[in-house]
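If you want the building blocks of each chain, they are given just below.
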Amino acid sequence: MHDNKIAIIDDDPFVVAHLSETLTSRLADVHVVGIAEPVAPAGFDVYVVDNEFEGDSRGQDIIRRIRKFSPQSLILAYSAYLDRKFLRALLRQGCEGAFDKGSLEELEAMINIIELHLDMKNADPDKIRGLGNTVRAISGLVHEWNLRLASNGRADVKSISDA
Amino acid sequence: MHNIPAMKAGTSRILLVEDVDAFRLYLRLALEQNGFQVLEASNLDQARRLLRAGTQITSVVLDLDLPDGHGLDIISEIPPGVPVAALSADDSRETELRCHEACCVAILSKKKRLRDLVRDIAMVEQNAPKTRYQATLNPQLASQYVSYLCEARIELQHARSQHDYSSIRSIAHKLRGTAVHFGYSGIGASARALGSAIKNSNIAQIESALDTLVERLMDAAIVPQSRLHL
């Protein structure tokens, strides 16, 4: 049995509660922890990070700190407002992707990416034939998302394979 | 011709708080004939005891003029998300506002015919916020969110009166990120429009977006078909 740890760093209790329930119900063997403070805790496989805490933009700093001590973790920004400048800044700090909180479709895309990441982490290396494919799948999903943003005129950020 | 919405017997349990015995009895019988379970309380004290015992209820029909106090005195003791319909013969604007501030989903007029009252209560039950929630999350969370929407509207109106655009932006930001996931896509879209208007510092757009958002927040808390003064 795998123990996949996911941290949701967000000061909105409804975001934490909703996302916790959704991830727990959709993904196998996950332990989801909600963190309301703008901190960078160690020991998680996946981080979902809000950008604003009490009106201050703290997400980039949190992501940068997590990336320093946890290069293998998947870090995703989950924000209510996304624009090109913000997305570029997030990717520069080591975030793999950013998702719009106000969209059901982007929640789906985010869950898919988390699932793929956890599958890859838990895969038996001897049996892996598609590790590279999985990495490419994650890249593809993020790239697809980025294209969608670009087509909406909101961003043209790089995919993780470029980042 | 108004049809009483069909209800599944046993799925609804209404706490009816009314001190006039004959009126309470007639209303209870009429509700039971339409498939509702009814718990009766003739005053605030009885209602409190039922609530404190953890009695499961799906809505409250609450007379405002009770022998041991005002009906709204008990609002804070009703579990979050359980819709409350005020029952009153008083059609004044003051009562309307007071019920609105207390987040009652409707004001039921005692001046109406019994059949129409039952229809209105059925609407409250049928359109209770929890039933709007389509996702697979637990009903308690959905109910808490409805209460949050009510609080957000009050905070938004207060911030607007103070021209506090920082707070307005913050409230819109939170609504933008959560509303769609709880089945309120219109609120999410309005909050997004408000956020954009604030970013652009366009006062006319801000005012217009605020109007729309407040209206949608009110719609979320008030059963659409029943609104105030049914």
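Residues numbered from 1 in each chain as written. Chains lettered and ligands numbered in written order. Predicted model: local features only at pLDDT ≥ 70, side-chain atom pairs only at ≥ 80, totals over all residues. Heavy atoms only, no water.

Asker: An account of the overall build of chain B is requested, with residue identities and associated values reported.
Answerer: Assigned secondary structure in chain B consists of nine helices and seven strands. Looking at chain B residue by residue over its 230 residues, the buried ones come to 50%. A separation of at least 24 residues holds for 67% of the contacts in chain B among residues at least 6 apart in sequence. Looking at chain B as shown, the accessible area adds up to about 10600 Å², and 50% of this sits on carbon and sulfur atoms. (Helix = DSSP H or I, 4+ residues; strand = E, 2+ residues; numbered from the N terminus. Buried < 20%, exposed > 50% of the residue type's maximum accessible area, 1.4 Å probe, protein only. Contact = heavy atoms within 4.5 Å. Areas by Shrake-Rupley, 256 points an atom, 1.4 Å probe, with all protein chains shown as cover.)

Asker: Could you give me a rundown of the environment of Ser201(B), with the residues and numbers involved?
Answerer: By the element assignment, Ser201(B) lies in the loop between helix H8 (185-199) and helix H9 (203-221). Here the alpha-carbon distance between Ser201(B) and Tyr165(B), two residues 36 residues apart in the chain, equals 9.7 Å.

Asker: Give me the sheet that holds strand S3 (residues 46-49) of chain A: which residues, what numbers.
Answerer: Residue and element names in this part refer to chain A. Across the sheet, which stays open at both edges, the five strands sit in the order S2-S1-S3-S6-S7 with parallel pairing between neighbours. With one partner strand each, in any of the chains shown, strand S2 (30-35) and strand S7 (97-100) form the two edges of the open sheet. Across the sheet, the mean angle from the axis of one strand to that of its neighbour is 20 degrees, orientation sign disregarded. Taken together, the four bridges between strand S1 (residues 4-9) and S3 define a ladder with parallel strand orientation. Bridging from a neighbouring strand, Ala7 pairs with Tyr47 of S3. Relative to S3, helix H2 (residues 59-69) is tilted by about 170 degrees, and along the sheet it contacts S1, S3 and strand S6 (74-79). (Pairing = 2+ DSSP bridges. Axes fitted to C-alpha atoms, helices over the stretch in contact; angles between N-to-C directions.)

Asker: Now, about the packing of helix H1 (residues 13-26) of chain A against helix H4 (residues 104-122) of chain A: what can you tell me, with residues and values included?
Answerer: Residues and elements named next belong to chain A. Contact geometry of H1 with H4 gives a least axis separation of 11 Å together with a crossing angle of 50 degrees. Looking at the two axes, H1 sits oblique to H4. Here H1 runs over H4; the crossing is right-handed. For the pair formed by H1 and H4, the contact residues are His18, Leu19, Thr22, Leu23 and Arg26 on the first element and Leu107, Glu108, Met110, Ile111 and Ile114 on the second. For the contact of H1 with H4, a count of residues per class yields six nonpolar, two polar and two charged. (Parallel < 35°, antiparallel > 145°, perpendicular 65-115°, else oblique. Left-handed = near helix turned anticlockwise from the far one by under 90°. Nonpolar A, V, L, I, M, F, W, Y, C, P; charged D, E, K, R; others polar.)

Asker: Can you tell me about the environment of Ile66(A), naming the residues and giving the values?
Answerer: All names here are of chain A. Within the element layout of this structure, Ile66 appears in helix H2. Exposure remark for Ile66: the relative accessible area of 0% places this residue in the buried category. In this structure, the C-alpha to C-alpha distance between Ile66 and Val39, residues 27 residues apart in sequence, is 9.1 Å. Each residue touching Ile66, except ones within four places of it in the same chain, is listed here: Ile9, Ala40, Tyr47, Val49 and Ile75.

Asker: Quick rundown of the packing of aromatic side chains? Include the residues and the values.
Answerer: This structure, assessed with the given rule, holds seven aromatic pairs over all chains. Aromatic pair Phe14(A) and Tyr145(B): ring centres 5.0 Å apart, planes at 85 degrees, arrangement edge-to-face. Linking Phe14(A) in helix H1 with Tyr145(B) in helix H6 (residues 139-161), this pair reaches from one chain into another. Relative to Phe182(B), the ring of Tyr145(B) lies with its centre 4.0 Å away and its plane at 10 degrees, an arrangement referred to as stacked. Of this pair, Tyr145(B) sits in helix H6 while Phe182(B) sits in the loop between helix H7 (165-178) and H8; the two residues are 37 residues apart in sequence, bridging distant segments of the chain. On the accessibility criterion, Tyr145(B) (0% relative accessible area) is buried. Phe182(B) sits in the buried class, given a relative accessible area of 3%. (Phe/Tyr/Trp six-rings, centres within 6.5 Å; stacked < 30°, edge-to-face > 60°.)

Asker: An account of the sheet that holds strand S7 (residues 106-109) of chain B is requested, with residue identities and associated values reported.
Answerer: All names here are of chain B. What the five strands build is an open sheet, ordered S2-S1-S3-S6-S7; its pairing is parallel. Both edges of this open sheet fall to strand S2 (37-41) and S7, since each of them pairs with a single strand only. Between one strand and the next, the sheet's axes are offset by a mean angle of 25 degrees, whatever the strand orientation. Note that strand S6 (residues 84-88) and S7 share four bridges and pair parallel. The partner of Leu87 across the bridge, within S7, is Leu108. Sitting on the sheet, helix H1 (residues 21-33) is in contact with strand S1 (13-17), S2 and S6, with an inclination near 165 degrees to S2. Of the strands in this sheet, S1 and S2 touch helix H2 (residues 44-52), which is tilted by about 130 degrees from S2.

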